[in-house]
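Chains, contacts and geometry: an overview
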Amino acid sequence: MLAWVAVACVVLGVILAGVVHQAIRSPMPQTAGTIEIAPTGVAGLGEVIGLNHEVTIRRDAWGVPHLTARTAADLAFAQGFVHAQDRFYEMDVRRHITAGRLSEMFGPSQVSTDAFIRTMGWRRVAEQEWPLLDPFTREVFTAYAAGVNAYLAEHPGGRAGLAYRILGLTNRGYRIEPWGPIDSLAWIKAMAWDLRANMVEEIDRSIVAGAIGVPRTLELYPPYPYDRHRTVVTEGTAVDGIYRQSARPKGPPVSAAVVTAPSGATAALERVSERFSEASAVLDRAGTGVGSNSWVVGPELTGGGALLANDPHLAPSLPSVWYQNGLRCEPVGPECPFDVSGFSFAGMPGVVIGQNADLAWGFTNLGADVSDLFLEQVVGNAYLVDGAPRPLRIRTETIAVAGGEPVPLTIRATEHGPLLSDVSEEWAQVGATAPTIGDRGDGYAVALAWTALSPGRTADAIIGLNTAANADDIARAAALFTVPAQNIVYATREGTIGYQTPGLLPQRSRWDGAWPVPGFDSSYAWTGMVPAAALPRVRNPAEGFLVTANQAVTDPRYPYPMGVDFAYGARGQRIRDLLTERLRSGPLDAAAMRAIQQDTHSALADFLVPALQRAVTPADLAPASREPFQALGTWSRAMAADSAAAAYFAAFWAELLAATFDDELPAGHEANGDERWWEVVRRLWAQPSNAWWDDVSTPGVEDRDAIVVLALDRAARRLGAELGEDWRAWQWGALHTLDLRNGTLGESGVGPIEAIVNRGPFATGGGSAIVNATGWEAPDGFTVTWLPSMRMVVDLADRDASSWINLTGASGHPFNAHYTDQTPAWLRGEQVDWPFTPAAVAARTQAELILQPSAEPARSR
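Below or above, wherever it landed, is the structure these notes cover. (Residues numbered from 1 in each chain as written. Predicted model: local features only at pLDDT ≥ 70, side-chain atom pairs only at ≥ 80, totals over all residues. Heavy atoms only, no water.)

1. Here we look at the overall build of the chain
When helices and strands are tallied, the chain shows 24 helices and 33 strands. Residue burial in the chain is summarised as follows: out of 861 residues, 60% are buried. Contacts in the chain between residues at least 24 apart in sequence constitute 73% of all its contacts with a sequence separation of at least 6. Accessible surface for the chain amounts to roughly 31300 Å². Of this, 53% is attributable to carbon and sulfur atoms. (Helix = DSSP H or I, 4+ residues; strand = E, 2+ residues; numbered from the N terminus. Buried < 20%, exposed > 50% of the residue type's maximum accessible area, 1.4 Å probe, protein only. Contact = heavy atoms within 4.5 Å. Areas by Shrake-Rupley, 256 points an atom, 1.4 Å probe, with all protein chains shown as cover.)

2. Quick notes on the sheet that holds strand 1 (residues 33-37)
With mixed pairing, the 11 strands of this open sheet are ordered in space as 1-33-4-5-10-11-12-13-20-21-25. The open sheet terminates on both sides in strands that have one partner only, identified here as strand 1 and strand 25 (537-539). Pairwise comparison of adjacent strand axes, ignoring direction, gives a mean angle of 15° for this sheet. On top of the sheet, helix 2 (residues 72-99) reaches strand 1, strand 4 (55-59), strand 5 (65-69), strand 10 (323-329), strand 11 (339-344) and strand 33 (847-853); it is set at about 160° to strand 10, its chief contact. (Pairing = 2+ DSSP bridges. Axes fitted to C-alpha atoms, helices over the stretch in contact; angles between N-to-C directions.)

3. Brief notes about the nonpolar core
Ranked by size, the top nonpolar core spans 166 residues in total, and within it Met120, Trp450 and Leu851 carry the most contacts. Counting residues per element, this core draws most heavily on helix 2, which supplies 14 residues. (Core = buried A, V, L, I, M, F, W, Y, C linked by side-chain atoms within 4.5 Å.)

4. A look at unusual backbone geometry
Put simply, Leu318 and Pro319 share a cis peptide bond, and its omega is 0°. Looking at the element boundaries, Pro319 is found in the loop between strand 9 (307-314) and strand 10. Cis peptide bonds are those with omega within 30 degrees of zero, and the linkage from Glu330 to Pro331 qualifies with 5°. Unusually for a residue other than glycine, Asn540 sits at a positive phi of about 45°. Locating Asn540 in the fold gives a position in the loop between strand 25 and strand 26 (545-548). Positive phi is not limited to glycine here, since Ala769 has a value of about 60°. Note on placement: Ala769 falls in the loop between strand 28 (759-763) and strand 29 (787-788).

5. Focus: the pattern of salt bridges
Here the structure, examined in full by the defined rule, presents 41 salt bridges. For Arg328, the salt bridge identified is with Asp339, shortest N-O distance 2.9 Å. Here Arg328 is found in strand 10, whereas its partner Asp339 is found in strand 11, with 11 residues between them in sequence. Each member of the pair Arg328 and Asp339 is classed as buried. Two residues, Asp705 and Arg704, come together in a salt bridge whose shortest N-O distance is 2.9 Å. Residue class for Asp705 comes out partly exposed when judged on its relative accessible area of 26%. On the basis of relative accessible area, Arg704 is assigned to the buried category, the value being 12%. If you follow the salt bridges from partner to partner, you end up with Asp92, Arg95, Arg123, Glu127 and Asp183 in one network. (Salt bridge = Lys/Arg side-chain N within 4 Å of Asp/Glu carboxyl O.)

6. What about the side chain of Asp460?
For Asp460, the position within the fold is in helix 12 (residues 458-467). With relative accessibility at 5%, the residue Asp460 sits in the buried group. For Asp460, the side chain forms a polar contact with the side chain of Thr137, separated by 2.5 Å. Setting aside its immediate chain neighbours within four residues, Asp460 contacts Leu132, Leu133, Asp134, Thr137 and Leu480. (Polar contact = N/O pair within 3.5 Å; in protein donor to acceptor, adjacent residues only side chain to side chain.)

7. Quick notes on the state of the cysteines
Using the criterion set out here, one finds 1 disulfide in the structure. Between the sulfur atoms of Cys329 and its disulfide partner Cys336 the distance amounts to 2.0 Å. On the S-S bond that ties Cys329 to Cys336, the torsion sits near -80°, and the link is left-handed. Each member of the pair, Cys329 as well as Cys336, carries the same accessibility label: buried. (Disulfide = S-S within 2.5 Å.)

8. Remarks on the pairing of strand 5
For a regular strand, side chains alternate in direction, first toward one face of the sheet and then toward the other. Here strand 5 lies mainly inside the structure; 5 of its 5 residues are buried. The side-chain alternation of strand 5 yields two buried faces, one formed by Pro65, Leu67 and Ala69 and the other by His66 and Thr68. When strand 4 meets strand 5, the two strands line up antiparallel, connected through 4 bridges. Looking across to strand 5, one finds that Arg59 is bridged to Pro65. Here 4 bridges tie strand 5 to strand 10, and the two strands are oriented parallel to one another.

9. Re the packing of helix 18 (residues 644-661) against helix 20 (residues 704-723)
Where helix 18 meets helix 20, the closest approach of the two axes is 8 Å, and the angle between their N-to-C directions is 130°. Relative to helix 20, helix 18 is oriented oblique. For the crossing formed where helix 18 meets helix 20, the hand is right-handed. Along the contact surface, helix 18 presents Ala647, Tyr648, Ala651, Phe652, Ala654, Glu655, Leu656, Ala659 and Thr660, while helix 20 presents Ile707, Val708, Leu710, Ala711, Leu712, Arg714, Ala715, Ala716, Arg718 and Leu719. (Parallel < 35°, antiparallel > 145°, perpendicular 65-115°, else oblique. Left-handed = near helix turned anticlockwise from the far one by under 90°.)

10. With respect to the environment of Tyr221
Within the fold, Tyr221 resides in the loop between helix 10 (214-219) and strand 6 (237-239). Taking the C-alpha atoms as reference points, Tyr221 and Glu679, separated by 458 residues in sequence, lie 8.5 Å from one another. Beyond its immediate chain neighbours, meaning those up to four positions away, Tyr221 contacts Glu201, Asp204, Arg205, Asp565, Tyr568 and Arg676.

11. Brief notes about the packing of aromatic side chains
One pass over the structure, following the stated rule, counts 29 aromatic pairs. Arranged with centres 5.0 Å apart and planes meeting at 50°, the rings of Trp776 and Phe782 form a pair that is tilted. For Trp776, a relative accessible area of 8% translates into the label buried. One aromatic cluster is present, built from ring pairs that chain together Phe88, Tyr89, Tyr164, Tyr174 and Trp179. Its guanidinium or amino end placed over the ring of Tyr221, Arg205 lies 4.2 Å from that ring's centre, counting from NZ or CZ. Its guanidinium or amino end placed over the ring of Trp692, Arg216 lies 3.9 Å from that ring's centre, counting from NZ or CZ. (Phe/Tyr/Trp six-rings, centres within 6.5 Å; stacked < 30°, edge-to-face > 60°. Lys NZ or Arg CZ within 6 Å of the ring centre and 35° of its normal.)

12. Structural notes on the pairing of strand 12 (residues 353-356)
The side-chain alternation of strand 12 yields two buried faces, one formed by Ile353 and Gln355 and the other by Gly354 and Asn356. Here 4 bridges tie strand 11 to strand 12, and the two strands are oriented antiparallel to one another. When the sheet's bridge partners are listed, Phe343 is paired in strand 12 with Ile353. Note: strand 12 against strand 13 (residues 359-365), 2 bridges, orientation antiparallel. The partner of Gly354 across the bridge, within strand 13, is Trp361.

13. A few points about the packing of helix 12 against helix 13 (residues 471-480)
One can describe the packing of helix 12 onto helix 13 by two numbers: an axis separation of 7 Å at closest approach and a directional angle of 165°. When the axis of helix 12 is compared with that of helix 13, the two are roughly antiparallel. In the crossing of helix 12 with helix 13, the sense of the turn from one axis to the other is left-handed. Taken together, the residues of helix 13 that come into contact with helix 12 (itself represented by Thr458, Asp460, Ala461, Gly464 and Leu465) are Ile474, Ala477 and Leu480. Counted by class, the contact of helix 12 with helix 13 contains 5 nonpolar, 2 polar and 1 charged residues. (Nonpolar A, V, L, I, M, F, W, Y, C, P; charged D, E, K, R; others polar.)

Right under this line is the structure:
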């Protein structure tokens, strides 16, 4: 009997091992040989589309695919197929996010997030955009969707990814739906959300002002330091509605009146902030201060061709938000114009950032204020404007919930936008205690005005960038790039370099956009958009280079105010200084650009370390603090991962902020240590008896030096407890770690599942407002909250000398070799070869797959 039991156990073990092996291996993409592709349908369009000709997919050692096709439709079809091979689960989650349908996958826990997204109506806006797009763009998006569905036709359920087998443990009824073009378009709204500028700051100002008053709040939001940090554009201004590079700014700085939300709204706005944070936990995990670096250098400074560098800063994710690929028509011509390679989004056709045969381009977040919160006076199903009622725009939807009952949702909107206060009972409290102008009616509601909620043609702009041949083509594409608002830098193979501001930028007549304003007063309504021709643009600047790092774009005399919440320019100025310094020893090359991307020098330390040494002596400190403090004097001020001094300095900075500000700031709105706080402390330092230095929770009155000593001692005790008593063994990277987590299964709370899909922690260098920008939030510890999501350097004189690196890898399958194979190089600050020319692609090919049309012809379109 025992023998039979043993046999049964062995058989069961073999069966289970086989099941696990099959679950892991079946989703892995076929990367070599031939796949015959049958025509397939496209969700939402009722069309059946197939390949017309063979497509070749060559993958390099990193699993990055380079596609070659005879027609644009076939190329897009194949890109959709390849994206689905490697990243379909990620794509599926994204489309459920943008449609407000996460509850269908993950159950009741996501109902509030779905309600939030549906209230904004991202997918509805994407549906409105579809008929506005150029027919060629629609053809590309349609063919892309058909390619995704061709993959899904042969990979149902768990064969599309191990994640679906795991999801099936709790949601057995889930079924993958066919892909449609609107699924792709809607993701643009999600990226606009990630880069949404000052929505959070607008609320935070009001909440903080409610606690400490407007004058002191303004001390915590200092103006941009134009005297120390250069702007993106240093030439020209807008004259008569046209930006002219040769014009000189005149007159005083242009500014709008500061309008502050009433202090009576503080409690309600706090509830708004909490709800906002809940939704953001699913939609993005970036901290404040998120930005990007991009710069371009002209050929006169390189001795060869132009050079372009870019590293967009986003929240860490696994897989990375980016997907590398090459798209080439053979031959290239008007009907098939693509010869492009770069970083795409899985779920969207084309390349978002990269290079084509004629030029290269990069993006950084513009930081312009493109959203506002309006307090609305609601009476029943109407809202008041200048005392007169106007009907609310009302629609109803139903949220389907896995494992639960459907949830009805009523969505209301004013002329400014959707009422966020209708998302939950908490949001209904927003503005409820604000002083009224006239009859309060049923109470105040909060509407969101945001340029991303109006239909636009960003999809046309992306296709336009992919096929641009010169600077004029870039300008035409930029005019269509409505959201997210970005800085565009570019370089052509002929040697032209340039900068372009794209996007829809609202104009305001009575305020600066920094605070919520009364929607019931029509004088606060947006007065239009900045004319496209007036947006800043520069070609071949006299300096020979351009730097964008989320700093202020223009001279303050530019006649169209863009906002007040730009980064304060430390990264941008550091990049400028490094370029200038390196030029003293000769022309720049691609290696110099890569080295600059890895710079970890702290401009905060440049100010604060000498200031500390003047204010404090070792004798003032506890014994455990004295040697680390003295080490700051010989420190290079680089936030290197292996630096003990960097660890001590970061811990001191966190303790200084907490000791100085957190005794008076409301909970949840503490000093987070980003670049704004650099400026606050810099200004405050010259006032050693300023009231901010005093800890109001103690009976005594502290001054600056007392708080500095306290922070230095607390930092030493903190690191002693966390890293050991020997300060020489402290390392910044031991504190400043990167966790790569899958945004859904990786947050499940189930240890074995998280172990399958997550990676890390990894020690990192860098920090907030540093060129190697690995951000962290002082109240929450030192863990990386945002980072360079990819890096690239393009050499326009020798395309195959260009380089790139992704945060993770090409694959979204946890057991695939390319899941995180680029992460070690990313951590070391290295980049890998970026083959662009056909010869280079062929030389680096590790696997070749042919997609072949089936005998059944595709229906004509």
